[in-house]
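Breakdown of the fold
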Amino acid sequence: MKKFIVFICSQQQFAIPIEIIEKILPLGKATLIPEASPYVSGVIQYAETTMPIVDLSKRLFENNMEITEKSKIIVVSDNELRFGIAVDSVVSVSEFDEELPTVNGNVENKVQYIEHLFKTDTDIIIHIDINALFHSDGREELVALNG
């Protein structure tokens, strides 16, 4: 069993492993970056540096997220890259067994960022690979925006 943060983005539940999560912050105003990728909301001041914020709804579904009092930034840290993902809300910390069969293994092979599809009693939760969300150019852009 492995622990995951479960969150909502565009009315869908997603999960990412807790070990790559550095912190969860309230969603605040980001400084816009001219000519950045459409899914980059801007940068915020974080831990005495700048950190890019990715609008996950824009990246996955090509629509802007609806900002509410429940909106959060999940700070993801991966070796040389730290960035925030803006999500509608954080639901829980949950445990899933990655060894169990998933709902449909074929979907995971077609969409590179889907690791697993976890089935619960009430929903299907998509385990995403944060690193696979971005092509090399997008990753380089996020690295460049880290200050």
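Analysis parameters
Residues numbered from 1 in each chain as written. Predicted model: local features only at pLDDT ≥ 70, side-chain atom pairs only at ≥ 80, totals over all residues. Heavy atoms only, no water. Salt bridge = Lys/Arg side-chain N within 4 Å of Asp/Glu carboxyl O. Helix = DSSP H or I, 4+ residues; strand = E, 2+ residues; numbered from the N terminus. Buried < 20%, exposed > 50% of the residue type's maximum accessible area, 1.4 Å probe, protein only. Pairing = 2+ DSSP bridges. Axes fitted to C-alpha atoms, helices over the stretch in contact; angles between N-to-C directions. Core = buried A, V, L, I, M, F, W, Y, C linked by side-chain atoms within 4.5 Å. Contact = heavy atoms within 4.5 Å.

- An unreviewed UniProt entry annotates the protein chain as Purine-binding chemotaxis protein CheW of Trichococcus collinsii.

Considerations on the pattern of salt bridges
- The full count for this structure, using the stated rule, is two salt bridges.
- Two residues, Glu19 and Lys2, come together in a salt bridge whose shortest N-O distance is 3.2 Å. In this pair, Glu19 sits in the loop between strand 2 (12-17) and strand 3 (21-26) while Lys2 sits in strand 1 (residues 2-9), placing the two residues 17 residues apart along the sequence.
- Given the relative accessible area of 24%, Lys2 is considered partly exposed.
- For Glu22, the salt bridge identified is with Arg82, shortest N-O distance 3.3 Å. Here Glu22, found in strand 3, pairs with Arg82, found in strand 7 (residues 81-87); they are 60 residues apart in sequence, far enough to count as distant.

Looking at the sheet that holds strand 10 (residues 124-128)
- The five strands lie next to each other as 8-1-2-10-9, forming an open sheet whose pairing is mixed. At either end of the open sheet lies a strand with only one pairing partner, and these are strand 8 (89-96) and strand 9 (114-119). On average, each strand axis in the sheet is inclined to that of its neighbour by 30°, with strand direction left out of account.
- Note: strand 1 against strand 2, six bridges, orientation antiparallel. Paired with Phe7 across the strands is Phe14, a residue of strand 2.

Section: the nonpolar core
- Core analysis: the largest hydrophobic core is formed by 28 residues, its most contacted members being Phe7, Ile16, Leu56, Ile74, Phe83, Ile85 and Ile128.
- The element that contributes the greatest number of residues to this core is strand 7, accounting for four residues.
- Apart from the residues lying within four places of it in its own chain, the contact partners of Ile16 are Phe4, Ile5, Phe7, Ile21, Ile74, Val76, Ile85, Ile128 and Ile130.
- Counting 10 residues, the second-largest nonpolar core is a separate cluster that includes Leu25, Tyr46, Ile53 and Ile73.

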